[in-house]
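# Fold and geometry: a report
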Amino acid sequence: MAEVLEEIKCHHCGEDCSSEDLIIDELHFCCIGCKTVYELLQENDLCGYYDLEQHAGVSLKSKDHQGKFDYLKNPTIEDSILDFKSEKLNKVTLFLPAVHCSSCVWLLENFNKIRSGVLHSRLNFLKKELSLTYDPRVVNMKVIVELLATLGYEPLISLENTVANENKKQKRSNRLLRQIAVVGFCTGNIMLLSFPEYFKLDLQNEVDAQYQKFFLYLNVLLAMPVYFYGAADYLKGAWISLKEVWKRNTTTLSVDIPIALGVTALFIRSLYETLINGGGAYWDSMAGLVFLLLLGKWVQKKTFDYLSFERNYKSYFPLAVEVRNGDSFDYKNVDDLQKGDIIRIHNNELIPADSELVSGQAFLDYSFVTGESEPISVRNDEVIYAGGRQKGQNIELRVTKEVSKSYLTQLWNQTNFKEEKEVATTKLADNFSKYFTYITLGISFLTAIYWSIVNPEMAWPAFTAVLMVACPCALTLSMPFTMGTVMGIFGKNKFYVKNQDVIQKLTEVKHIVFDKTGTLTKNNDYRELSFIGEALDLQDQIILKSLAGVSTHPVSKLVNVYFQNVDSVQLTHFEEVEGSGLIGTFNKIEYRIGNADFLEIPDNIRAKDARVYLKKGSAVLGYFKTKPVFREGFEKVIHQLNSFFSLHLISGDKSTDKDYLQNYLSEENLHFEQKPEQKLAFIKDLQKTQEPVLMIGDGLNDAGALRQSDLGIALSENTQAFTPASDAILDASKFADLSKFIAFSKKSVNIVKLSFMLSLVYNFICISWAVSGTLSPVVAAIFMPLSSISVVLFAVIITYFSARKAKLIV
């Protein structure tokens with residue numbers, strides 16, 4: 001009977017320990033990094049970290065942080081990151097994308113116990129921001145950041161001052177919170193002071209009557225901030241909409257107009273009843289309505305405050321880069337780079353400015369900027385554009401243009417990148433606002449005309465009563481609560497939408513445009529090799545794997561993975577020629593892996609799509625070509641969407657996958673080798689059909705098209721890392737659910753329509769009362785909030801039920 005080997009998992013991160021197994025206290029660790037974390041926790045009595053969640057840590061394999069954060073020793077750069085600085089106390093806020101569970105919170109909030117000099121540590125889990133207070137005399141920022149990286153929480157430090165931007169957003173959010181607080185306080189007190197009216201207390205008593213009158217006047221004072229401060233945005237929006245109607249001679253009205261009409265009618269009628277008639281008024285109805293409207297707005301805005309949908313190229317750039325200073329290199333802020341500076345770029349680092357190669361072998365991945373999936377080799381004195389990422393050895397470049405004048409910055413500064421994108425109002429909102437407002441005004445005026453003939457004294461009360469009760473709670477309350485619920489459900493499924501308009505717009509889309517590299521396919525870290533040539537015998541496979549395994553070059557790693565099912569041997573000789581290839585000897589036979597020039601491949605047998613050649617002695621064994629890996633569920637998604645939408649592909653990549661993609665998309669809708677400006681122009685041409693266009697992309701080369709489109713979805717392997725400015729962010733792991741999200745968006749709009757029908761029933765009953773002139777303040781105070789709350793509950797419950805049926809929630 002064969003022996004069954006038990007799979008050994010790392011105690012820290014849960015990864016397989018087959019390649020390396022380090023044992024401490026009878027616990028297994030997959031690498032030095034994980035072992036170090038455990039030892040740090042053990043020394044500081046923090047091993048309860050693992051009690052919260054098994055394998056709570058983040059894998060530290062293949063992470064060498066030595067020298068990576070040396071730029072933080074530069075005082076100028078450090079000052080640009082700090083929130084506060086003094087001789088004895090510094091404060092900093094760091095963004096940690098790797099934060100993922102309760103164990104992370106526990107560890108990071110005990111960070112002061114791990115490192116002396118750190119005085120206080122606080123984590124905002126939603127925003128993944130760690131606020132640290134430390135003593136600069138004991139510890140510096142470089143040491144803190146390196147320790148965080150060692151623990152598996154490497155901070156994302158970019159050129160863009162993200163903390164300042166978040167503070168601005170927080171200030172905007174605080175205004176809404178202040179409005180809710182003020183209106184909530186006033187609403188509660190108005191309802192309390194309206195109790196005599198609710199219970200029809202005996203006012204024959206002179207003292208009670210005086211108190212009642214006092215309460216009425218106090219309600220007037222409390223209603224002032226509700227109307228002029230709480231409802232200010234709706235009043236302002238209605239005024240702007242009316243001016244647009246006047247200027248453009250259009251019949252389209254914003255939804256703010258019926259809201260403003262209802263609130264204003266309540267306010268004026270209540271003033272009249274209180275100051276003129278000295279009787280009961282509708283202050284509680286008005287305050288309650290404004291309070292619910294503000295709550296709906298808060299739900300809508302708060303859902304994904306921690307995500308950034310508006311990003312520019314600075315989010316993608318590093319904060320600092322190594323610059324030659326005599327015989328050594330010092331760090332300099334990227335914004336301070338000058339023409340002629342010699343900069344050093346390490347493996348997997350970004351090129352921050354247009355440059356030319358001085359030394360080393362440049363092997364550049366431009367996929368995020370141009371969409372070209374194949375990394376390209378650059379020789380000395382050739383131009384290298386900003387945005388490329390070096391793959392391989394260190395290189396030295398001479399800056400030819402400042403960052404502000406580089407290709408990438410000029411691309412971003414085009415009109416379509418700088419202008420704020422306006423998401424058009426949806427048909428549902430347009431139609432509802434227009435018809436509801438006109439019908440309400442029509443009924444009001446007809447009611448006034450009728451009563452002015454039958455009983456003139458009833459004309460004014462009946463006219464204002466119709467305006468008061470005919471408030472569009474279906475769209476103004478059910479819409480934000482329904483869409484807020486949908487946004488939350490989508491968020492749990494890793495699809496993050498910017499606002500409720502995005503969900504509605506998804507239901508109106510007619511054209512869907514895909515990028516290829518990084519969108520339909522995985523990014524360049526996930527590529528496959530295919531071998532072209534005669535079958536290799538086992539010994540050749542073993543030796544070639546052994547040769548590729550001793551190199552850290554990205555292509556060598558792919559070759560090593562290709563031969564993963566065979567063993568390795570010890571080579572008698574090994575040599576790596578940087579930028580060219582590998583030489584290895586076994587049993588006096590020389591093997592080579594490398595480019596065509598290095599292996600001296602004759603021109604007549606060179607292949608255009610060859611990435612790396614294999615040679616044994618003087619015999620060419622064949623070559624590898626790389627091919628992208630399409631995302632899981634790609635075929636299913638395209639098949640489902642093809643039935644309902646016009647699908648297009650625009651890619652900056654070559655047309656090597658055209659034959660394969662023709663199985664899913666029509667040939668005339670496949671467009672390759674498209675520059676960013678050509679992608680943008682393509683979207684503009686599609687929009688001439690007056691049909692909404694959805695663009696799905698992932699890179700900077702898609703940013704213009706994403707912004708120009710009616711709706712832009714950025715696909716990301718990490719939703720907290722850089723993505724182009726967009727209306728929604730979709731985690732790449734959920735790409736297969738794209739059609740499900742679109743279908744559920746349509747369901748959610750139908751739920752709003754059902755809520756609207758329910759609201760119409762309430763409006764019919766209330767307007768009947770209002771037209772008859774018998775609507776009392778007490779009835780309004782009970783019926784209006786009841787109708788609003790019941791419509792909201794109906795919408796939210798049905799939304800959750802539909803989501804469960806669609807298998808979006810368990």
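Residues numbered from 1 in each chain as written. Predicted model: local features only at pLDDT ≥ 70, side-chain atom pairs only at ≥ 80, totals over all residues. Heavy atoms only, no water.

### Description of a nonpolar patch on the surface
Together, Y217, I268, Y272, L275, I276 and W460 line one region of the surface with nonpolar side chains, adding up to about 560 Å² of accessible area. If you tally residues by element for the nonpolar patch, the top one is helix 11 (residues 256–277), at four residues. Looking at the secondary structure, you find W460 in helix 17 (residues 456–469). In this structure W460 comes out as partly exposed when scored by relative accessible area, which is 32%. (Patch = residues over 30% accessible without salt bridge, like charges linked within 9 Å, V, L, I, M, F, W, Y side chains within 5 Å. Areas by Shrake-Rupley, 256 points an atom, 1.4 Å probe, with all protein chains shown as cover. Salt bridge = Lys/Arg side-chain N within 4 Å of Asp/Glu carboxyl O. Helix = DSSP H or I, 4+ residues; strand = E, 2+ residues; numbered from the N terminus. Buried < 20%, exposed > 50% of the residue type's maximum accessible area, 1.4 Å probe, protein only.)

### Some details on the sheet that holds strand 14 (residues 389–390)
If you walk across this open sheet you meet the three strands as 12-11-14, and the pairing is antiparallel. Each edge of the sheet is formed by a strand with only one pairing partner; in this case those strands are strand 12 (376–378) and strand 14. The pairing of strand 11 (residues 362–365) with strand 14 spans two bridges and is antiparallel. Within strand 14, the residue paired with D365 across the bridge is R389. (Pairing = 2+ DSSP bridges.)

### So, the side chain of K545
You can see K545 is positioned in helix 21 (residues 538–549). In contact with K545, other than residues within four places in its own chain, are N560, F563, Q564, V566, D567 and S568. (Contact = heavy atoms within 4.5 Å.)

### What to know about the pattern of salt bridges
Counted under the stated rule, the structure contains 15 salt bridges. Note that D540 is salt-bridged to K616, the shortest N-O span being 3.2 Å. Of this pair, D540 sits in helix 21 while K616 sits in strand 22 (residues 612–616), and the two are 76 residues apart along the sequence. The residue E590 makes a salt bridge to R592 at a minimum N-O spacing of 3.1 Å.

### Considering the sheet that holds strand 4 (residues 90–95)
The four strands lie next to each other as 3-4-6-5, forming an open sheet whose pairing is antiparallel. Pairing within the sheet leaves two strands with one partner each, and these edge strands are strand 3 (84–85) and strand 5 (118–124). As judged from the two bridges shared by strand 3 and strand 4, these two strands associate in the antiparallel manner. Across the sheet, K85 pairs through a bridge with N90, a residue of strand 4. Running at roughly 140° to strand 6 (residues 129–134), helix 6 (residues 141–150) makes contact with strand 4, strand 5 and strand 6 of the sheet. (Axes fitted to C-alpha atoms, helices over the stretch in contact; angles between N-to-C directions.)

### Considerations on helix 21
Over its twelve residues, helix 21 extends 16 Å from the first C-alpha to the last, a length consistent with the 16 Å expected when each residue adds 1.5 Å. Sitting at the head of helix 21, D537 places a side-chain oxygen 3.3 Å from the backbone nitrogen of Q539. (Expected span 1.5 Å × (residues − 1). Polar contact = N/O pair within 3.5 Å; in protein donor to acceptor, adjacent residues only side chain to side chain.)

### Section: helix 25 (residues 676–687)
Here helix 25 is twelve residues long and its end C-alpha atoms lie 17 Å apart, about the 16 Å a rise of 1.5 Å per residue gives. By the burial criterion, the buried members of helix 25 are P676, K679, L680, F682, I683, L686 and Q687. Looking straight down helix 25, one finds that the buried residues subtend no more than 155° of arc, so they occupy a single side. (Arc of directions from axis to C-beta.)

### Points about the packing of aromatic side chains
Taken as a whole and judged by the stated rule, the model has 22 aromatic pairs. Ring centres 4.9 Å apart and planes at 35° place the aromatic pair F630 and F634 in the tilted group. Accessibility expressed as a relative area gives 1% for F634, which makes it buried. Stacked on the ring of F329, the Lys or Arg R344 has its end atom at 4.1 Å from the ring centre. The ring centre of F598 lies 5.0 Å from the NZ or CZ of R592, which sits over that ring. (Phe/Tyr/Trp six-rings, centres within 6.5 Å; stacked < 30°, edge-to-face > 60°. Lys NZ or Arg CZ within 6 Å of the ring centre and 35° of its normal.)

### Quick word on the packing of helix 11 against helix 17
Put simply, helix 11 and helix 17 touch, their axes get as near as 8 Å, and they point 145° apart. With respect to the hand of their crossing, helix 11 and helix 17 are arranged in left-handed fashion. For the pair helix 11 and helix 17, contact is made by G262, A265, L266, I268, R269 and Y272 and by W460, P461, T464, A465, L467 and M468, respectively. Tallied by class, residues from the contact of helix 11 with helix 17 come to nine nonpolar, two polar and one charged. (Left-handed = near helix turned anticlockwise from the far one by under 90°. Nonpolar A, V, L, I, M, F, W, Y, C, P; charged D, E, K, R; others polar.)

### Regarding the pairing of strand 7 (residues 320–325)
Here strand 7 pairs with strand 8 (residues 328–333) via six bridges, running antiparallel. By the bridge assignment, N325 is partnered in strand 8 with S328. The antiparallel hairpin formed by strand 7 and strand 8 contains two residues in its connecting segment, where G326 sits at a positive phi of about 75°. Sheet topology places strand 7 next to strand 9 (residues 342–345); two bridges connect them, and they run antiparallel. Within strand 9, the residue paired with V323 across the bridge is I343.

### Quick notes on the confidence of the model for the protein chain
On average, the protein chain scores 77 in pLDDT, and the residues at 70 or more come to 77%. Mean pLDDT across the elements of the protein chain ranges from a minimum in helix 15 (residues 415–418), with 51, to a maximum in strand 17 (residues 511–514), with 92. With pLDDT under 50 throughout, residues 58–64 is counted as low confidence; its partners more than four residues away or in other chains account for 21 contacts. In the predicted structure, residues 161–172 sits below a pLDDT of 50 and forms nine contacts with residues beyond four places in sequence or in another chain. (pLDDT = per-residue confidence, 0-100.)

### Quick look at the packing of helix 23 (residues 634–642) against helix 27 (residues 738–772)
The geometry of helix 23 relative to helix 27 is characterised by a closest axis approach of 8 Å and an angle of 35° between their N-to-C directions. Mapping the contact onto sequence places V637, Q640 and L641 in helix 23 and L738, S739 and I742 in helix 27. Among the residues making up the contact of helix 23 with helix 27, the classes are represented as four nonpolar, two polar and no charged.

### Looking at unusual backbone geometry
Residue E673 is not a glycine yet carries a positive backbone phi of 55°. Here E673 shows up in the loop between strand 25 (670–671) and helix 25. One non-glycine residue, K807, adopts positive backbone phi at about 65°. Within the secondary structure layout, K807 lies in the segment after helix 28 (777–805).

### A short note on the pairing of strand 17
In summary, the side chains of a regular strand alternate between the two faces of the sheet. Burial along strand 17 is two-sided: the residues H511 and V513 and I512 and F514 are all buried. As judged from the four bridges shared by strand 17 and strand 24 (residues 646–650), these two strands associate in the parallel manner. Looking at strand 24, one finds that V513 is bridged to H648. Looking at chain direction, strand 17 and strand 26 (residues 693–697) are connected through four bridges and run parallel. Directly across from F514, in strand 26, lies its bridge partner I696.

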